[in-house]
Structure formats: C-alpha cells, structure tokens
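Notes for the structure review
One letter stands for each residue in the lines below.
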Amino acid sequence: MSDDARGRPPADPPNTPAPPAGEGDDAPTDPDEAELVAYLDGELDTGASRRVAARLAADPVARAKAAALKKSFDLLDFLPRPDPSPNFAHRTLDKLPAAGRPPSVPAPHFQAPGSPTPAPVLASSAPSASAWATAGPPPRGRGWSWAVGGLAAVALAVGAGYAGHAAARTFFFPPAGDANLSLEADRRVVENLPLYAGVDDFNYLARLTEGETFADDLAPPADAPPVPPEVARAAGESPWGENLEPLIRAFKALPVERQKQVRVLDQRLHDQPPADRDRLTRVLEAYAVWLARLPDAERAAVLAAATPDLRFKVVADIREAQWQARLTDGQRKALAALPPAERGALTQQWKGEQADRKRAWLLRRQNWETIRADRPPWPFDTDAGRKGVADYVRTTLRVEGTASGRLTGGEAERLRAAQEMAEREGEWLNYGAAVLALADKYPSLPEPVGRPVLVVADLPQPFRARLVKGGGERKALNAAAGKWPEFALAVADDAQKAGLSAPIPLGPARPADFREPARHVVEGELLPRLGDEERGALVSLEGKWPAYPLKVMELARKTDLPVPGVTLPGLPSLWEKTYRVTRPGGRVGPS
Amino acid sequence: MSIGQTSAQMALRDPDIRLMLRVRDDDGAAFAELVERFQHRLVAVMHHLVGNADEAEDLAQEVFLRVYRVRKKYRPRAKFSTWLFTIANNLALNALRDRRRRPVVPLEVRESGPLGGTPAGTAGPTRDAPPAHNLQQEELAAVIRTALDGLNERQRVAIVLNKFEDMNYADIADVMGLTGKAVKSLLSRARAKLREALQGYIYMDGDAPPPAGGDSDGGNE
C-alpha cells in the first residue's frame, strides 16, 4: 500500500527512510498475555472479552498478572507532562518560507471581546516582552525559579498583554494607574508577582489549597521548604538575576487598588507561621505553573473571570476537564457503557484509587531515608515496638471478631492483610498508616478499674427502661453494644437527649478511677506537665464523664504523651511525622 | 464517490480536517491555528518518546514544517490527528534510530537503588539543585523514564500513543503502518516489559503481589 493511498504524506525530505512496516522484528508473543492486555485496553470483541473475564475469574495467577499489567501502565501517569516552551509556536511559524507566513500576528493570540485587533496573551508579543526577551528567562535551578519558567510570562501578560481584554481589565486594572511606588518597600511583592498574578486575595489562595485543587500538584518533601526570593537574594542569588525590570514595570502598571490588593496578599502570606507560609507558597507555585501551561484561551478565561468565585469555578471546571482528558480509551468505554447516573460513582472510584496511589507514594517519599537504609520504619524497627502496636490493635482496637471488636469486618480484614504484607514483605509503612487511620477513626478513652458499661443489661432500672423507651437512638445503642467506649458514649448521648441523668458512672472521671497503666501515666506524667490554668480546667471537670477523660486525652495530645491502652504506643508526634502524609495544602491523613 | 465529496463529509465531522484543508489552500492563519492547537500534544508525545525537551521541540517543529511542506498533497482519508501522528512517528523513529547508531551521553539515566533507583536528592540540596528542585518524586519519574527507554523504538511509540494520545489499536496501526494484530503483539510485549521493569513500584498500596510462578513471561524479546 502506498503512502498516499494510506492517507500518509510522502517521505520528505526524500532521504528520510520510512519506518519498516514489517511485523517480524519482535520476538513471539504470549497469546494469553496479548489477549489480557487487549482486554485491559477494551480492545476485544464481546466473545473474546467474555473468555478473558472467565479466565480471570477462575485463575488467580492471571488476575495478579492483569493487576500488575494495569498498575505498571498506570504508573506512566507519574511522568511529567511536558508542554512546549512559550515561544514554540512563534519559532515554528518563523521558520516558514516568507511567502507562507501568516499575515497576522504570528504568535498564538486571543481575540479580546469587542476588540478589533487581537489582544496578545503571551508575553512574547506584549510590549514588555521585549524587555523580557532581553532579560531572558529566570535562571533555572536556582531558588524557587524552577517553578517560574512561564510565570513571568503570566505576570507580564497580566501586567500588559491583558490590557486589551475588557473583562480582565475591569478586574485587574481599574482605569487608574500609579507609578509612584517605593521599590525598596515593594521589592518582595515585585519579586513574587509571578506567583500572585492569577490570585485575587488571601481567601482565594486558601481555596486553592482545598480538596482536589492544587494542594497535591507538586508535593515536595516536608523538609524541603521553597526558597523565597528574598532568601535567595540574601544568599546572593536573585532568582531574576539583574532582570527585575520587566516585573517592576508590570507592577507599576497596575492600578493603585490592585497594587494594594497584591501588597495585602503578600503581607498576609508572610504573616503566616513559616510552615504554613511554605506550603502556601508551594500551592502558589503549583497554581502559577499550571496557569502558565494552560492553552491561551483557557488561561484567558481564568484571568478574565469577573469575581473570585467565578474564577475558582472556571479553574475547577478546567481541572475536571483535564482529568477527564487523561482517561484511557478503556476507561472512556467503561464510562460510556454505564447509565449516566452511575458514571459519577465510577469516576469517584477512579479518583479515589488515584488518590490512594498518590498517598502511598507520598508516604514512601516522606520516609525515603528509612527505605534507603532498608530497615523497617519506627516503631516496627524493634521487637518492643512491634509488640506495642500488636497490643494496641488487639486490646484497644480489638480487631479480633467477637462482639467487642470495634472495627467493621472489612476494616479488620484489610488491617490483617496489611499486617501480613508487613510481616512477609516488609511493607510496614502501609501497615503503620493503616493503624494510624484506624486510631483516628476509633479514638479511645481510659477504661475503668472494674468492668466497663458495655450492654443495656449493665444499666440499672428504671434508668434502662426510660432510656430505651424514650430514646430514639436505640439503633446506635445496639450498634455500640459490647464496645468500649462506644457503648458508654452512646448511653451518655441518649441520656442527655432524653433529659436523664445516669445513676451510675458510665466511665472513670478521675485519675484514681483509671485502670492501670493509664492511671500511673496521667497522675505521674501528664499532671506534672500542666500549667496552673490547664490543671484548673481539668480539675473542674472531675466527676464528669466523658468530659473529664476527653480533656485528659486532649492535654495528652498537646503534650505529646502516649497513654498506654488508650493511644497508639510511642510519641504521638512520631506517628504524625512517620505516617501522616503531608502535602503543600496541609495534612491529608494517613495513607 | 469523488474525493471532493469525501473531503466534504469528513471535514464536516472533523474540524481539524477543515483546518488542514484551509492550510492546503495556503491560509497562513489556519496554519498558525493548527500549530497552536496541536503543539501541546505533539511536544508531549515527542518528549515521552525521546526524553529530552529540546529534541522534542525540534522534532515537533519539524513535524509542523513537514505538514506545511506537504500540504498540497493532503487528502483527508483519516482523522487528521492520525495523519499528523503518522508524520510524527516517521520522524521520531528516524531520530531514535539515528541516536542508536550514534550513541550519545545517556539522558537522565540513574543508577538503581533499593527501590530500583537513586533519589534525585540523595546528595542533598546544592546551589545547582536547590531543595525545591530536589523533589524525590522525580526519582519515580526517572525510574519510569528508564523503563520507557528500555522499550525498543516501536514499542515505545505504540505505548506512548496508546497511553498519552488515548489511541486505539486501529489508529495506532494506521499511524505506524502495521496491522491491528501486529499492534496487539507489539503492545503486549511492551506492557510485559514495563511490568517487569516497574514491578518493584506497583505494590506500594498494599495490594498482594502476584503469586509465585505467576510471572512466567513470554514477552521478553
């Protein structure tokens, strides 16, 4: 078949060899595996697809292979998605023979509403771009300038290029201008301008840290804070070198109101505690990089939105569309095969799986040094540590079946599987994170010396009858039966709703009533650590359950004190550091 | 049915074909629009294929220039993107083979560590590689990059088109000048290789690994 007949272009230049169209330069294929891959890709017809599905249902080895094939393919999603450099289109069009060059502005452009001429979006065709071109891009690999490859372009576009865009002008550039600024006072603002360009104010920035927005775009290690420009400058390396000029001009071109708004944003950012400021700066970087890489029309839509709410909506819509665009053919087919009402659940499931993979990776990265050293993470690096966790799981979470087990069947099963993987394959990080997640979900309280209140029969009459008759929460009581402290908490809750007062203590509300070794730790370690005010607050709650033990646990957390039999063994701060995944947007919980 | 009618019908369905027909008719603005519309996809695919940003841009640029040079011969017989990526495939394969014939310093090759790779930040922050740049997540990307580089050229093209362009087997066959069956074999071997190269990285989320003996592999080349 000739190139032309296939609709393909003839080879040009002529010395370019066509790729061999033969099929024989690869070794023979395992037909079963080829069917499996085609099945995963949604490429089989109905009959073949059924056959593979039946084989998978019957054969665990094939299932495992299919899972491995899918997961290794999914890993490709971790590759960075490179974009062309901002002037790529321009450079390409410049290479055309002069006769064929487009007569209009050669760079990509965005037609401003109501404007007879196209308003350039990219800095390359904005007036200040010549200065930018002269200055060159910020030096990569210095300070935080890794993030700003296209940021200056955004800042400059906002500063100048968008002047032709009515909506953007209304928002970013009310019709006054003020060039009277003190560069010294505003130097930090100017240097950070590329990060602030698409951000209204601090509230808008806070929204960017939520949920699926930018909090997890770039997730550098927690111990690698960004290097703000002023720090880089102090170290003798301005991220912009001597090329601040375009940014200064862009800032000067802003109207007074917007200058003020940017200054306030900058000030509020720098008023944050260092850790918060670092993570917010990361979110700003992620947002600015994302913005810079958007196609022009979409970036224009973000920047031109009339209000912060609308801007956020546009951002969310584009993010969703980008996520959809990354679906594979197979996923698209799976979605299309579902009734529209059920598609949301499947996409949520995929997003959940994606988030799980990301969390697993973040957790590994967070503990990279331990992994490199090829030793189990704390506390599983010692026999005592392993035993402590095993005891906690057995006696506090009570994972073993029976009525007193606090976990659901699925949770218990998953935890057991994680434990087996840890013991067999050394996957202690996953196990630790799973235990921490369950400790979060099932917090406990110190137990009484004697038998705790666990079932309705433990309650005296006539309180029991009144509670059961009057309370509408019998389901909750039944669900909590046999479990400490869930049952006692449910009784306390129901009694309060029914206006009843429990005639017996539902739980210990003084240190002396706590079962050992919690009593010893509270009396001997927690109380001496408290200041007068905290101690007074605690004493005032004595005799009140659950208020007293809840306060005890709050103070124990605050003073980083483990309470044996109640909290995870070992310092709470170490659990946080090791198993709580951190992202630029803040803590996101155990993996 | 005349070619003109076919063109009209296809152009109705595919706006990119309409655009290319304008390019064929020497509409310079249409070509600018075409570059704008496809630059991201093309540069991304080239980058995934050759692993180098500058080379990827050079190749993508060459694809566009070639489209321009052969515009007069354009006949809309497939999706426009298939035609475009056919040109891209030819150029990328030539570049990769040329590179193989004239070996250069390997790109971003990293040694293997306990997890199959050494983290980028092992040496600690330096002035040339400051903390913010020292993302250990780059290490995973580097491992995946190495796995991708471990495929032969045609496997890599097929995988990249399948993964990043969401192309089905028929379109990949069209782009690469192969039969659907050959694409199926090609992708199967490529996926087996990826599975092998990345197996240390795929059980991070607590799933059980394949049972012993489940890894018999006919996919090696």
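Cut-offs used in this document
- Position numbers for residues start from 1 in each chain and track the written sequence from start to end.
- Chains carry letters and ligands carry numbers; both start at the beginning, A for chains and 1 for ligands, and go up in the order they are written.
- Two thresholds apply to this predicted model, a pLDDT of at least 70 for residue-level local features and 80 or more for giving and counting side-chain atom pairs, whereas whole-chain, interface and lining totals are computed over all residues.
- Put simply, DSSP H or I for four residues or longer makes a helix, DSSP E for two residues or longer makes a strand, and each gets a number counted from the N terminus.
- A residue is called partly exposed when the number of other C-beta atoms within 10 Å of its own lies between 12 and 20, exposed at 12 or fewer, and buried at 20 or more, with C-beta atoms placed from the backbone.
- By the convention adopted here, residues are in contact when the distance between their C-beta atoms, placed from the backbone, does not exceed 7 Å.
- Under the definition applied here, buried Ala, Val, Leu, Ile, Met, Phe, Trp, Tyr and Cys residues are grouped into a nonpolar core through C-beta atoms within 7 Å.
- In this description, a line fitted to the C-alpha atoms serves as the axis of each element, helices being fitted only across the stretch in contact, and the angle between N-to-C directions of two axes falls anywhere from 0 to 180 degrees.
- When an angle is under 35 degrees it counts as roughly parallel; over 145 it counts as roughly antiparallel; between 65 and 115 it counts as roughly perpendicular; any other value is oblique.
- Gly counts as polar in this scheme, as do all residues outside two lists: the nonpolar Ala, Val, Leu, Ile, Met, Phe, Trp, Tyr, Cys and Pro, and the charged Asp, Glu, Lys and Arg.
- Every residue carries a pLDDT, the predictor's confidence in it, which falls somewhere between 0 and 100.

**Comments concerning the overall build of chain B**
Along chain B, the regular secondary structure elements total nine helices and zero strands. Counting across all 221 residues of chain B, residues that qualify as buried make up 50%. Long-range contacts, defined as pairs at least 24 residues apart, comprise 62% of the intrachain contacts of chain B with a sequence gap of at least 6.

**Structural notes on the overall build of chain A**
Summing up its helical and strand segments, chain A has 29 helices and two strands in all. Counting all 591 residues of chain A, 39% fall into the buried class. In chain A, once contacts between residues fewer than 6 apart in sequence are set aside, the share between residues at least 24 apart is 69%.

**A word on the nonpolar core**
Grouped together as the largest cluster of nonpolar side chains are 104 residues, with contacts concentrated most on Met46, Ala88, Ala92, Ala158 and Val183 of chain B. Take this core: its biggest share by element is twelve residues, from helix H3 (residues 28-50) of chain B. Ala197, Phe251, Leu284 and Ala300 of chain A belong to the second-largest nonpolar core, a separate cluster that totals 36 residues.

**Things to note about the environment of Leu44 of chain A**
Residue and element names in this part refer to chain A. One can find Leu44 in the loop between helix H1 (31-40) and helix H2 (46-58). On the basis of neighbour count, Leu44 is assigned to the partly exposed category, with 19 C-beta atoms found within 10 Å. Ignoring sequence-local partners within four residues, the contact set of Leu44 consists of Glu35, Ala38, Tyr39, Ser49 and Val52.

**Let's talk about the packing of helix H7 (residues 153-164) of chain B against helix H9 (residues 180-198) of chain B**
Residue and element names in this part refer to chain B. Between H7 and H9, whose axes approach to 9 Å, the crossing angle comes to 90°. Between H7 and H9, the angle is such that the two are roughly perpendicular. On H9, the residues touching Arg154, Gln155, Ala158, Ile159 and Asn162 of H7 are Val183, Leu186, Leu187, Arg189, Ala190 and Lys193. Of the residues contributing to the contact of H7 with H9, the split by class is six nonpolar, two polar and three charged.

**With respect to the confidence of the model for chain A**
Residue and element names in this part refer to chain A. Per-residue pLDDT for chain A averages 75, and the proportion of residues at 70 or more is 72%. Mean pLDDT values over the elements of chain A span from 26, in helix H5 (residues 129-135), up to 95, in helix H28 (residues 547-558). Within the model, pLDDT remains below 50 along residues 103-179, and this stretch shows 186 contacts once partners closer than five positions in the same chain are excluded. Contacts from residues 218-228, a stretch scored under 50 in pLDDT, to residues over four places away or in other chains number 35 contacts.

**A closer look at the confidence of the model for chain B**
Residue and element names in this part refer to chain B. Of the residues in chain B, 68% have a pLDDT of 70 or more, and the chain-wide mean is 74. In the model, residues 103-135 has pLDDT below 50 throughout and makes 59 contacts with residues more than four positions away in sequence or in other chains. Across residues 204-221, where pLDDT falls below 50, the model places 41 contacts with residues more than four positions away in sequence or in other chains. Here the predicted complex scores 0.45 on pTM and 0.78 on ipTM.

**Remarks on unusual backbone geometry**
All names here are of chain A. Cis geometry marks the peptide bond from Gln461 to Pro462, where omega comes out at 0°. Positionally, Pro462 belongs in the loop between helix H22 (428-441) and helix H23 (463-470). The residue after Trp545, namely Pro546, is reached through a cis peptide bond having omega 10°. By secondary structure assignment, the location of Pro546 is in the loop between helix H27 (532-539) and H28. Non-glycine residue Arg398 carries a positive phi angle of around 50°. Position of Arg398 relative to the elements: it lies in the loop between helix H20 (383-397) and helix H21 (409-425). Of the residues examined, Arg398 has 20 C-beta atoms within 10 Å and is grouped as buried.

**Describing the environment of Gly482 of chain A**
All names here are of chain A. Within the element layout of this structure, Gly482 appears in the loop between helix H24 (474-480) and helix H25 (486-498). Residue Gly482 is classed as partly exposed on the basis of its C-beta count, with 16 C-beta atoms lying within 10 Å. Separated by 29 residues in the primary sequence, Gly482 and Val453 place their C-alpha atoms 8.3 Å from one another.

**A short note on the packing of helix H8 (residues 169-176) of chain B against H9 of chain B**
Residues and elements named next belong to chain B. Where H8 meets H9, the closest approach of the two axes is 8 Å, and the angle between their N-to-C directions is 100°. Between H8 and H9, the angle is such that the two are roughly perpendicular. For the pair H8 and H9, contact is made by Tyr169, Ala170, Ile172, Ala173 and Met176 and by Gly180, Val183 and Lys184, respectively.

**Here's the deal with the environment of Arg71 of chain B**
All names here are of chain B. Among the secondary structure elements, Arg71 is positioned in the loop between helix H4 (53-69) and helix H5 (80-101). For Arg71, a count of 21 C-beta atoms within 10 Å translates into the label buried. Not counting chain neighbours up to four residues away, the residues in contact with Arg71 comprise Val23 and Arg24.

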